[in-house]
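This is what each chain is made of:
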Amino acid sequence: MTTAVAEERETYLNAGHGVKSWLLTKDHKRIGLLYLFTITFFFFIGGVFATLIRLELLSPHGNLVSSETYNKLFTMHGVVMVFFFLIPSIPATLGNFFLPLMIGARDLAFPRINLLSWYLLVIGGLFAIFAMVAGGVDTGWTFYTPYSTSYSNTWVIATALGIFVAGFSSILTGLNFIVTVHRMRCPGMTWFRMPLFVWAHYATALIQVLGTPVLAVTLVLVLCERMFHIGIFDPALGGDPVLFQHLFWFYSHPAVYIMILPAMGVISELVSTFSRKAIFGYGFVAFSSVAIAVLGFLVWGHHLFVSGQSLFAGMVFSFLSYFVAIPSAIKVFNWTATLYKGSISYATPMLYAFGFIGLFTIGGLTGLFVACLGIDVHVTDTYFVVAHFHYIMVGGAIMGYLGGLHYWWPKITGRMYPEGWAKLSALVIFLGFNLTFFPQFMLGYLGMPRRYHVYPDEFQVLHVLSTAGASVLAVGYLMPLIYFMWSLKYGAIAGRNPWKATGLEWQTDSPPPVHNFDEIPIVTREAYDYSGTVGQEVQVG
Amino acid sequence: MSFRLFPVEASSISAEVDQLLFFLLAVAAFFTVVIFAAILFFAIRYRRRSDNELPRPIHGSIPLEIVWSVIPFGLSMVMFTWGASVFFRERRPPDNALPIYVVAKQWMWKLQHPEGQREINELHIPVGRPVKLTMTSEDVIHSFFVPAFRTKQDVVPGRYTTTWFTAIKPGKYHLFCAEYCGNNHSGMGGWIYVMEPQDYEAWLSGGTPGATLAENGQKLFENLACANCHKSDGTGRCPDLTGLFGKDVKLADGSTVKADEGYIRESILRPEAKIVAGYQPSMPTFQGLVTEEGVLQLIEYVKSLGPNPGAGQAEGLAAPGSR
Amino acid sequence: MVSEPHVESLALREQFNSAEQQKDASSLGMWVFLITEVMFFGGAFAAYTVYRSIYPGVFGAASRTLNTTIGALNTAVLLCSSFTMVLAVRAGQLGRRKQIMAFLVLTLILGMVFLGVKGYEWNEKYVEHHIPGPSFQMEGPGLQDHAQLFFSLYFAMTGLHAMHMLVGAGLLSWLLYQTWRGKFSAAYYTPIDMVGLYWHFVDIIWIFLFPLLYLIDRHGH
């Protein structure tokens, strides 16, 4: 490696100095890092709440905190993790950093709007933090009316405003991605030569743009109702509290796909790079992202099977929900098939990819349970649902996020992370995760309702197991925080393409120069064409 | 401390739900094993042996894509159909079900038997007999959840929701509130006591035998002076209520509506919402004057006004018929 | 179109390769933004539709209290403002600075007239005690309670619309300033074009609001 030369080179990191050069940057890479710091901060805040929840549930009698406090803990855990960590997680950090690089662009289409969207997230986050510090909020992250509008005595307005503002951050990011993918691709980068990461982000952006405004207007109505009591959701004045649930889930079900689709995009990159093979069924994987985005808008009513909606509506929503299962299944099968006769490396990102596929499979299959009317009546609002969505959001989205972070860390920082520690933490996270959430499936089927501070003794054994797992998981999450920081100074110099991967992002320096490419690349080949990146083609197996 | 891995099956629907669960578990286990095994096998079999390896690209296979789309889709349609049929039975109470009225509030369950017994956070029911719950909430949304019965139904303010079950095993089972409802949400639980029929009869006749629900409703009907307009001979300013329950009512705007619990509740609290054909919207609202429990008593009273073919049927009621 | 190289380089941002790519991107971005706006108002329209189907009579009666003449007049004012906006864009296309400014001012004035009339209408509601809340009063069976729902939605929707009008007015003022400074020419007038799109969108929202709020119960009366 020509280390000396690399250090003198101007990169996006050393192109400007001082706080101002970061806070006023229009460089998508720097903005990606601003997001990285922000969401890491929120992840550990949400993690602290989770830790307290699990500690409390060690004992059935609720003797660590009061019910009021407990209700605030799970509410703030949900609000922080969903709106301030998971939704911005992959798109706003890795997507922001790599989407332009992967399509050979110098930046996103609207760099100033990109910076604005980071500020919106921060402002929204400040509202949420204010609400937490001032006394917290206890409505659950779902804000169901009329509890949130007429009965809760906590900081609903500040929290909802925070989510409202953060929502516009998400909308603007989505808008930026859509325009960038349409208009900023470099010569030769046709739609079907785009990496699947880009396809996944395009699909995600569609949801952000179409779904988030509905959440925004719903929150406006909730705020009006809470401040002026004008009867929009209040049955006493003729309003319909269930209408809120329809509007809320119209956004919040697709929002699950905002969290998981980008992770699926990451996994496609990892599986290809570390088996050094084109993704099996590229077109199917690409279109399944779009299919999930579109179908995701038609299934919100499966959150309302026991809300009193009509039998007929329940059946239609159950029926449609099964359609979403198919594109998800297609992805899992295609990733698995990609491994066939590949050259499979066990680098840390690939371990995360294996973990993702496994956990997402379980999360997705249990989704079939909750989409099934007869079973959902029993398991909805129990720990079964809690376990199911944590398998998707933590087992899926966070595994994908961490996998992607390890994969691209050398590109972002120019340095390698310590492989041994990273492998260990991947293993710890996988084991800790399963120990935390698998018992919750059993708890749920036994009938343990969610959001319970005090619970019958017979559930304690499984709760203790879950808490034990959570403590393992917490260690697993702290390890990357430490060794990533360590690697900034002591990590090995990475070079342009440590994984011998194919994406355009690997053809520029690590870390990349301010304008990404010294010369705008011209693409002449399909995505994931490994011929030329390594030596001779050999028959494997 | 008791510990179990599987909940008791205490209602007629429990075993059905569990069978459905086992089917889904089998499918899920099959796919989990296949995926895990394939990943493990490929990962070991095709592990990278030298850093310069370049496997031959395989771009995909349409037949395979079709196979692994169609088979899961077929299985999922089986799940849907099976699940929907269980749900359908779960949601449609038989006509002979024992009616129980439930009013939920932060943070307690108030239950009334037609015989007049009132319970709080406890419900005594006979084994082997279908029980239908008609439920509403005084404040926020709650959810009536009995894990042993595999049944759950949200209880929504401003409207009635119903659920039903037939207990098949005497015993004491958990009742939970499953929809988050504020501070003491996790304390809003209770017990369902399933009793042998003779024990249930004994329980019913024990305690303080007050008036029945319908009798209480009648008292309320008189106190609120409802009879001044709702005259039983059909000559009042308002429709005669005799034999009303369960009939189709013709409305002023030409539509018809079935006179069920929800309709009667609405007519008491929001009388202007549906005007019976041939009548003026002259009835004042009783919102705030009568509690949710009172409304339920009035409904039970109207129900008790069985068919009265002798009296002139109020205009707007469907042709006389026996019920 | 003949492009003037020096103007192009002035307005071209560094992430773009050509003025055309930049214009395409801006235009697509604006359209996507307008789609988010459609979804935003769509949520409110959905709530309106649900409640109108639950309380058709009440909504009809409440709607009849609105002043159709003033509403229609305001609709006309807004349509005129859209027309003058089109003329402003056209002037931009031709690079006629004075015309741009004239039409922008006209559009701005018409927009302000609309808001003024809206304010007058809101004040009328206040005088008539039709503002939802404790002071709400409306005679008629069931109107006291449920007509509030209509007026809640009326104020929420016209309020959100007026807020969009205010943003539009701000954008028009900014355009005026930029035109005055000579920023635009036949080769670069994208901002005028984009604000035009926004202005028409806000106009279209009103075209939906007017019949839904004012005219639902006017047939046959």
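What you are looking at is a predicted structure, and each value in this text was computed from that prediction instead of being measured.

### Re the overall build of chain A
Logical step 1: Counting its regular elements, chain A contains 16 helices and zero strands.
Logical step 2: In terms of C-alpha radius of gyration, chain A reaches 23 Å, essentially the compact-globule figure of 24 Å for 541 residues.
Logical step 3: Taken across its 541 residues, chain A has 71% of its residues classed as buried.
Logical step 4: Long-range contacts, defined as pairs at least 24 residues apart, comprise 82% of the intrachain contacts of chain A with a sequence gap of at least 6.
Logical step 5: When the accessible area of chain A is evaluated, it comes to approximately 15800 Å², of which 71% is carbon and sulfur surface.
Logical step 6: Separation between the mean location of the 26 positive side-chain charges and that of the 24 negative ones in chain A comes to 9 Å.

### Considering the interface of chain C and chain A
Logical step 1: In this complex, chain C contributes 32 residues to the contact, which on the side of chain A involves 36 residues.
Logical step 2: Of the roughly 2900 Å² buried where chain C meets chain A, counting both sides, 70% is carbon and sulfur surface.
Logical step 3: Among the residues of chain C in contact with chain A, Q15, M39 and F40 of chain C are the three that bury the most area, contributing 20% of the side total.
Logical step 4: The interface formed by chain C and chain A contains zero salt bridges.
Logical step 5: On inspection of chain C and its partner chain A, the count reaches seven residue pairs in polar contact (both at pLDDT 80 or more).
Logical step 6: Only α2 (19-54) and α6 (143-180) of chain C provide two or more residues apiece to the side of chain C that touches chain A.
Logical step 7: It is α2 of chain C that contributes the most residues to the side of chain C that touches chain A, 18 residues altogether.
Logical step 8: Residue composition of the side of chain C that touches chain A, grouped by class: 18 nonpolar, 10 polar and four charged.

### Section: the domain arrangement of chain B
Residue and element names in this part refer to chain B.
Logical step 1: Taken domain by domain, chain B holds domain 1 (1-45 + 58-209) and domain 2 (213-304).
Logical step 2: Across the contact, 18 residues belong to domain 1 and 13 residues belong to domain 2.
Logical step 3: For the pair domain 1 and domain 2, the summed buried area comes to about 1300 Å², and 52% of that belongs to carbon and sulfur atoms.
Logical step 4: Looking only at domain 1, the three residues that lose the most surface to domain 2 are Y101, Q112 and Y160, adding up to 47% of its buried area.
Logical step 5: Joining domain 1 to domain 2, the criterion identifies three salt bridges.
Logical step 6: Put simply, E293 and K110 hold a salt bridge, and the shortest N to O gap is 3.0 Å.

### Some points on the sheet that holds strand β10 (residues 190-195) of chain B
All names here are of chain B.
Logical step 1: Within the open sheet, the five strands sit side by side as β4-β10-β9-β6-β7. Their pairing is mixed. For this open sheet the edge positions go to β4 (122-126) and β7 (151-155), each flanked by a neighbour on one side alone. Adjacent strand axes in the sheet meet at a mean angle of 20 degrees when their direction is disregarded.
Logical step 2: In the sheet, strand β6 (residues 142-146) pairs with β7 via five bridges, with the strands oriented antiparallel. If you follow S143 over to β7, its bridge partner there is D154.

### Comments concerning the packing of helix α12 (residues 348-371) of chain A against helix α15 (residues 419-446) of chain A
Residue and element names in this part refer to chain A.
Logical step 1: For the pair α12 and α15, interaxial distance at closest approach is 9 Å and the crossing angle is 10 degrees. Relative to α15, α12 is oriented roughly parallel. Taken together, the residues of α15 that come into contact with α12 (itself represented by T348, L351, Y352, G355, L359, I362 and T366) are E419, A422, K423, S425, A426, I429, F430, F433, N434 and F441.
Logical step 2: Class assignment of the residues belonging to the contact of α12 with α15 gives a composition of 10 nonpolar, five polar and two charged.

### Things to note about the confidence of the model for chain A
Logical step 1: Of all residues in chain A, 97% have pLDDT values of 70 or greater, and the mean over the chain is 93.
Logical step 2: Low confidence marks residues 1-6 of chain A, where pLDDT is under 50. Its contacts with residues over four positions away, or in another chain, come to three contacts.

### Comments concerning the pattern of salt bridges
Logical step 1: Here the structure, examined in full by the defined rule, presents 22 salt bridges over all chains.
Logical step 2: Residue E16 of chain B is joined to R89 of chain B by a salt bridge in which the shortest nitrogen-to-oxygen separation is 2.3 Å. Of the two residues, E16 of chain B is situated in helix α1 (residues 14-45) and R89 of chain B in helix α2 (residues 62-91); the sequence distance between them amounts to 73 residues.
Logical step 3: A salt bridge links K23 of chain C to D193 of chain C; the shortest N-O distance between them is 3.3 Å. Taken together, the residues K23 of chain C in helix α2 and D193 of chain C in helix α7 (residues 190-215) connect sequence positions 170 residues apart.
Logical step 4: Since its relative accessible area comes to 25%, K23 of chain C is described here as partly exposed.
Logical step 5: On the accessibility criterion, D193 of chain C (21% relative accessible area) is partly exposed.

### Quick look at the sheet that holds strand β2 (residues 108-112) of chain B
All names here are of chain B.
Logical step 1: Ordered in space as β3-β2-β1-β5-β8, the five strands form an open sheet in which the pairing is mixed. Lying at the two open borders of the sheet, with one neighbouring strand each, are β3 (118-120) and β8 (161-166). The average undirected angle you get between the axes of adjacent strands in this sheet is 25 degrees.
Logical step 2: Looking at chain direction, strand β5 (residues 130-137) and β8 are connected through six bridges and run antiparallel.

### Let's talk about the interface of chain A and chain B
Logical step 1: Of the residues lining the interface, 101 residues belong to chain A; the matching set on chain B comes to 87 residues.
Logical step 2: Between chain A and chain B, a total of about 8400 Å² is buried, with carbon and sulfur atoms accounting for 68% of that surface.
Logical step 3: Inspection of the region where chain A meets chain B yields three salt bridges.
Logical step 4: Its salt-bridge partner being D51 of chain B, residue R276 of chain A comes within 3.7 Å of it at the nearest N-O pair.
Logical step 5: Our count for the chain A to chain B interface comes out at 26 residue pairs in polar contact (both at pLDDT 80 or more).
Logical step 6: A per-element tally of the side of chain A that touches chain B places helix α11 (residues 311-339) of chain A first, with 14 residues.

Rules and cut-offs
- Residues numbered from 1 in each chain as written.
- Chains lettered and ligands numbered in written order.
- Predicted model: local features only at pLDDT ≥ 70, side-chain atom pairs only at ≥ 80, totals over all residues.
- Heavy atoms only, no water.
- Helix = DSSP H or I, 4+ residues; strand = E, 2+ residues; numbered from the N terminus.
- Rg over C-alpha atoms; globule rule 2.2 N^0.38 Å.
- Buried < 20%, exposed > 50% of the residue type's maximum accessible area, 1.4 Å probe, protein only.
- Contact = heavy atoms within 4.5 Å.
- Areas by Shrake-Rupley, 256 points an atom, 1.4 Å probe, with all protein chains shown as cover.
- Lys, Arg positive; Asp, Glu negative; His and termini not counted.
- Charge placed at Lys NZ, Arg CZ, Asp CG, Glu CD.
- Buried area = accessible area lost by both parts, 1.4 Å probe.
- Salt bridge = Lys/Arg side-chain N within 4 Å of Asp/Glu carboxyl O.
- Polar contact = N/O pair within 3.5 Å; in protein donor to acceptor, adjacent residues only side chain to side chain.
- Nonpolar A, V, L, I, M, F, W, Y, C, P; charged D, E, K, R; others polar.
- Domains from an automatic or database assignment.
- Pairing = 2+ DSSP bridges.
- Axes fitted to C-alpha atoms, helices over the stretch in contact; angles between N-to-C directions.
- Parallel < 35°, antiparallel > 145°, perpendicular 65-115°, else oblique.
- pLDDT = per-residue confidence, 0-100.

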